[in-house]
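Residue-level structure breakdown
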Amino acid sequence: MLQHVLQAFRRLPGHRLLATMPKNVDLTERRDARSAKTKKLKSYGPPSQVKLQVLGTGAEGAPRALYVFTTTASYLFNCGEGTQRLSHERKTRLARLENVFVTCNSWRNVGGVLGALLTLNDIGVPALTLHGPPGLSSLYDDTRSFIQLRGMNVQHRSDTDSDFVDVGLKVRAVPLYGSEVRRDPPPASESPPRPSVDYFAYERTGGRTTPTTPPTAAKSQRAPQFATAAPRSNEGAPRSHGEGPAASEGSVDRREVAYAYVCTIPDWPGRLSLEKCVNLGVKPGPLLGRLKAGHNVVLEDGTVVRSADVTSPDELGPQFVVLELPSADFLPSLSDLDSSIDMSRLTAVVHFSPPAVMDESMFRTWRGGLPATVRHIVLNEESHGHGSEAVHRLQHQLNTIDSDLFPLLTGDEVNFGIIPANGGTGASNGTGNGEVPVNKRARLSSDASEPPTEPTEPQPDSKGAGERKETEGEPGTLLHPPSGWGLSLRPAAPPDTEGVLPVTPEVYRAELAADETFVARLDEYRRARSALPPSDDVYPQTVFLGTGSSIPNKKRNTSGILVNLSEKHSILLDCGEGTHGQLVRLQGSECAAETLRRLSAIYISHLHADHHIGLISILEARRRALGADHKPCLLMAPAPITNYLNMYHTKMAPLRDTFTLVHNAGLLSSRSPPPDWITRRLTEAGLTEFTTCLVRHCPLAYGVRLAHTEGREVVYSGDTRPCDELVELGRGCDLLIHEATHEDELQEEAVLRAHSTVSEAIEVGVRMGARHVLLTHFSQRYASLPMLPEPAPDNVGIAYDNMVINHGHLPRVPLLYPALRRAFAESYDQCVERTAKRRDRKQREAEVLAEAGTTA
């Protein structure tokens, strides 16, 4: 019997039965191939092409990232939140990335590193070195428990005594010092021992390990767990010597440090003149290669041919500097940088320094002393634009269907007025005037029968294009370039905007209007919407900032849900990488700051990276928004998050004054009520109940139920398999927000990854008796449109990024699906085709195995 089954198994093409078995992807072969390819590229010698490209502009909510491409390797300078998402949309060659250089240990520079590591791991990059100030290694060392790299080698290099030398680039790190700071470590009561929690055990065991709380974690939860004390207004704020009360035992005194990077491209060997070689009697063969390599050769007759006589002079490699002075305290260190710069080679300086520092007279004097031919590229808060075209395309398409649920993105300045197409030389790019066309935000019609309106001028944020400083890109001036702007250093060329993605609302609108079937579906939706009872109910208002799983793609960011409880209070449910950027893009920097000022609490469902990597940027942005009125935010999260946040506070930047931690275990429905001060804070925010339950995912994964003061209840599953605990917690709720990572045909994978399929999530809503169900956390396979079962339930809707749902608009959401199917017909048809192929394959496999069993 066994022999027949094995024979049948071998007849399956590629042993495809393996595809149905739980397994881990073996990346060893992929890494070996990457290593071999990289070694081959580097064997060719110095790069023939070198280009600087702006990935992240550094604008409010946008990443800070400079990508350096060469024909042999790639390099990244700073890696803010959202870098991997932009690189995905731009198809940036991260596979060649082996080195990331960080100017200073702030979250705006390193917030995207963990997400980038996950992407690099998946594509088989074997190793990555993080270059930067001491303490940077902790970013990876202290987060290994919730990111899974499976063998990727990550190292930290803080050495400034020797240069980093690669075939494509030589980098000298110059330390620049600021003032001395004292960072108090957290009290022992706030630093629990590191639990040995394996957050990915269920995947490595093929789903055979039940995803529940492990014994070590359960033991620590025998008593209700809350914050150790009521919030303290200035807890953890750094103090200089001689200020404030005496430092606690174990305080750390150190000078702030930032690294400037002086980057030199290797010289390009001179060109060999074959004519001169022939005239001197050099025959074709290996002697030509030796001459080209710079060696003198001796001919058969004893004649010495000097390499210098038959080759042109070497081309000096250009130099660029990457510089950040975090505060004015660093300005005196500028003199330490001058000795490392070769003014004859210097081509560009990339500035990450804040505007206030760049306006200082000492800085202006230093900049004025550089050669007039140097280009100054500025990536800081005065820059504009987030750089994504796909986000705007999707939002304009959705806005055509329902402008209430899908408002246009008012916070992302997608045009820069008139930008010279080549960065300032006036050469034509095909428009006839040498300019990049202005991308204007269009006001889409709310009625398909109305003629399209003309695009209107965008309403820039408070720092609009009219207030911008020099943007012409001429040498010597300050340029705030858009994402995608590039400067070729070899061969030398003027700046270009080939990588700047245009946003063209009129094109997106025309594509939909040309589809008669879509127009008919849209008309059906509007008639069905108008038949609903009118409702002015706003709260609780649900704003989806991220609806994708694992890693972001160009259409769906990772998990983040803002629930506005009233005009004065909001709560954030999960906080994936880029959540702050999503908020700014949707609302604009001023409105986003107002939202952060009314943010009363943040809830983290579990400690997988895609659910909390955006937390630090939200906390820091909230502190900036509140200014002198800042007080800690209530943070409800699994207990082990303490170690991660304390690491950042102690080794990177002050943070402990931004939050007061309440452990999710202390809010379990089976426990006694929380202390009065927690209840009071929740009541002030507009909640009468905030209760958690353990769900079936990784250890310490929770679901939550929120009861609004107006009697409306919202339940959020986090990541989970269907589980009775969540059903009981949410019985009779008004709104269930449930993850639906996989389509129904991928149930085996859902079990393996401890997620839910679409139908499983819907069934949870049925068992729970939820009035409305919104599905989220979709696999990036379904970026445009996930597949719902047919007929789709009349109370189930699909969530999209930048979707704003008033409570009274919930009945609209299920009505959207037919119009969505037509708007994204190509994507939907691809999903259907993949599903059909998968079913056929499974059927063939079942038939072969059945035949084997019959034969036996």
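Calculation rules
- Residues numbered from 1 in each chain as written.
- Predicted model: local features only at pLDDT ≥ 70, side-chain atom pairs only at ≥ 80, totals over all residues.
- Heavy atoms only, no water.
- Helix = DSSP H or I, 4+ residues; strand = E, 2+ residues; numbered from the N terminus.
- Buried < 20%, exposed > 50% of the residue type's maximum accessible area, 1.4 Å probe, protein only.
- Areas by Shrake-Rupley, 256 points an atom, 1.4 Å probe, with all protein chains shown as cover.
- Pairing = 2+ DSSP bridges.
- Axes fitted to C-alpha atoms, helices over the stretch in contact; angles between N-to-C directions.
- Contact = heavy atoms within 4.5 Å.
- Expected span 1.5 Å × (residues − 1).
- Phe/Tyr/Trp six-rings, centres within 6.5 Å; stacked < 30°, edge-to-face > 60°.
- Core = buried A, V, L, I, M, F, W, Y, C linked by side-chain atoms within 4.5 Å.
- Right-handed = clockwise from strand over helix to strand, strands pointing away.
- pLDDT = per-residue confidence, 0-100.
- Polar contact = N/O pair within 3.5 Å; in protein donor to acceptor, adjacent residues only side chain to side chain.
- Salt bridge = Lys/Arg side-chain N within 4 Å of Asp/Glu carboxyl O.
- Disulfide = S-S within 2.5 Å.

Bringing the overall build of the protein into the picture now. When helices and strands are counted, the protein shows 27 helices and 31 strands. A total of 856 residues make up the protein; the buried ones form 56% of that total. Surface accessibility of the protein: about 35,000 Å² in total, with carbon and sulfur atoms responsible for 52%.

Moving on to the sheet that holds strand β3 (residues 74-77). Think of a sheet as strands paired side by side through backbone hydrogen bonds, with each pair either parallel or antiparallel. Strand order in the open sheet made by the 7 strands is β6-β5-β4-β3-β2-β1-β18, with mixed pairing throughout. The sheet is open, and its two edges are formed by β6 (153-157) and β18 (486-490), each paired on a single side. Within the sheet, the average angular offset between the axes of one strand and its neighbour, ignoring direction, is 20°. Note: strand β4 (residues 97-101) against strand β5 (residues 127-131), 3 bridges, orientation parallel. Residue pairing for β5: Asn-99 is matched across the bridge by Thr-129.

Looking now at the side chain of Thr-720. With respect to the secondary-structure elements, Thr-720 resides in the loop between β27 (713-716) and α23 (724-729). Given a relative accessible area of 0%, Thr-720 falls into the buried group. If sequence neighbours within four positions are ignored, Thr-720 has contacts with Val-695, Arg-696, His-697, His-738, Glu-739, Ala-754, His-755 and Ser-756.

So, on to helix α20 (residues 615-626). Taking 1.5 Å as the rise per residue, α20 with 12 residues should run 16 Å; its terminal C-alpha atoms sit 17 Å apart, in good agreement. In terms of burial, α20 is a largely internal element, 10 of the 12 residues being buried. Taken together, the buried positions of α20 are Leu-615, Ile-616, Ser-617, Ile-618, Leu-619, Glu-620, Ala-621, Arg-622, Ala-625 and Leu-626. Once α20 ends, the next one or two residues include Gly-627, with phi positive near 60°.

Buried residues dominate β5, accounting for 4 of its 5 residues. Judged from the 5 bridges that link them, β5 and β6 form a sheet pairing that is parallel. Directly across from Ala-127, in β6, lies its bridge partner Asn-153.

This part is about the sheet that holds strand β24 (residues 659-663). A sheet is described by the order of its strands in space; here 7 strands give the open sequence β24-β23-β22-β21-β20-β19-β31, paired in mixed fashion. Looking at strand neighbours, the two that pair on one side only are β24 and β31 (803-805), the edges of this open sheet. Direction aside, neighbouring strands of the sheet carry axes that sit 20° apart on average. Two strands pair when backbone bridges link them, and strand β23 (residues 633-637) and β24 are joined in this way by 5 bridges, in the parallel orientation. In the sheet register, Cys-633 faces β24, and the bridge partner there is Phe-659. With respect to the sheet, helix α18 (residues 579-587) is in contact with β19 (541-546), β20 (560-564), β21 (570-575) and β31, its orientation differing from that of β19 by roughly 120°.

For the structure on display, the rule yields 11 aromatic pairs. Each ring, one from Phe-101 and one from Tyr-261, has its centre 5.3 Å from the other, and the planes form 70°; the classification is edge-to-face. Of the two residues, Phe-101 sits in strand β4 while Tyr-261 sits in strand β9 (residues 252-264), which places them 160 residues apart along the sequence. By the burial criterion, Phe-101 is buried, and Tyr-261 matches it. Here Tyr-603 and Phe-690 contribute two aromatic rings whose centre-to-centre distance is 5.7 Å and whose plane-to-plane angle is 70°, an arrangement assigned as edge-to-face.

Grouped together as the largest cluster of nonpolar side chains are 80 residues, with contacts concentrated most on Ile-571, Phe-690 and Leu-775. Per-element tally for this core: the top contributor is helix α25 (residues 758-768), with 5 residues. Ranked by size, the runner-up nonpolar core spans 69 residues in total, among them Met-152, Ile-616, Tyr-644 and Tyr-648.

With that out of the way, let us pick up the pairing of strand β28 (residues 735-739). Within β28, 5 of the 5 residues are buried, which leaves it mostly tucked inside the rest of the structure. Of the two faces of β28, the one carrying Leu-735, Ile-737 and Glu-739 and the one carrying Leu-736 and His-738 are both buried. In this fold, β27 hands off to α23, which returns the chain to β28; that crossover is right-handed.

Now for the confidence of the model for the protein. Detailed reading of predicted coordinates is not advised where the pLDDT is low. Residues of the protein with pLDDT of at least 70 account for 81%, and the chain-wide mean is 83. In the model, residues 4-23 has pLDDT below 50 throughout and makes 29 contacts with residues more than four positions away in sequence or in other chains. In the predicted structure, residues 212-250 sits below a pLDDT of 50 and forms 79 contacts with residues beyond four places in sequence or in another chain.

The residue after Tyr-539, namely Pro-540, is reached through a cis peptide bond having omega -5°. Relative to the helices and strands, Pro-540 is located in the loop between α17 (516-530) and β19. Omega for the peptide link from Glu-790 to Pro-791 comes to -5°, which places this bond in the cis form. Structurally, Pro-791 can be placed in the loop between β29 (772-776) and β30 (796-798). At Asp-574, a residue that is not glycine, the phi angle is positive and equals roughly 65°.

Along α25, the positions that sit buried rather than exposed are Val-758, Glu-760, Ala-761, Ile-762, Val-764, Gly-765 and Met-768. In this structure, the buried residues of α25 make contact with β27, α23, β28, α24 (747-753), β29 and β30. Within two residues after α25, Gly-769 carries a phi angle of roughly 75°, on the positive side.

Within the fold, Asp-412 resides in the loop between α15 (390-401) and β15 (419-420). Classification of Asp-412 by relative accessible area gives buried; the value is 1%. Here His-386 takes part through its backbone nitrogen, which lies 2.9 Å from a polar atom of the side chain of Asp-412. Side chain to side chain, Asp-412 and His-392 meet in a polar contact 2.9 Å long.

Turning to the pattern of salt bridges, a few remarks are in order. Taken as a whole and judged by the stated rule, the model has 37 salt bridges. In this structure, the salt-bridge partner of Asp-309 is Arg-306, at a minimum N-O distance of 2.9 Å. Arg-306 gets classed as partly exposed once you look at its relative accessible area, which sits at 41%. Arg-821 is the salt-bridge partner of Glu-790, the closest N and O atoms lying 2.7 Å from each other.

Turning to the state of the cysteines, a few remarks are in order. In this structure the tally under the stated criterion is 0 disulfides. Cys-575 takes part in no disulfide bond, and the closest cysteine sulfur, belonging to Cys-633, lies 9.9 Å away. Under the relative-accessibility criterion, Cys-575 is labelled buried at 0%.

Counting through the fold element by element, His-606 comes out in the loop between β22 (599-603) and α20. With 460 residues separating them along the chain, His-606 and Phe-146 place their C-alpha atoms 9.5 Å apart. With residues near it in sequence (within four places) discarded, His-606 still touches His-611, His-612, Pro-638, His-697, Cys-698, Leu-700, Ala-701 and Asp-719. Among the polar contacts made by the side chain of His-606, one reaches the side chain of Ser-605 at a distance of 2.9 Å. Of the polar contacts made by the side chain of His-606, one reaches the side chain of Asp-719; its length is 3.4 Å.

What follows covers the environment of Ser-535. Mapped onto the secondary structure, Ser-535 falls in the loop between α17 and β19. In the structure, Ser-535 is positioned 274 residues away from His-809 in sequence and 7.4 Å away in space, judged by C-alpha atoms. Polar contacts involving the side chain of Ser-535 include one to the main-chain amide nitrogen of Asp-537, which spans 3.3 Å.

This part takes up the environment of Tyr-539. Here Tyr-539 shows up in the loop between α17 and β19. Residue Tyr-539 is classed as partly exposed on the basis of its relative accessible area of 22%. In the structure, Tyr-539 is positioned 267 residues away from Asn-806 in sequence and 6.3 Å away in space, judged by C-alpha atoms. Residues in contact with Tyr-539, not counting those within four places in the same chain, are Asn-564, Leu-565, Ser-566, Glu-567, His-708, Glu-710, Arg-712 and His-807.

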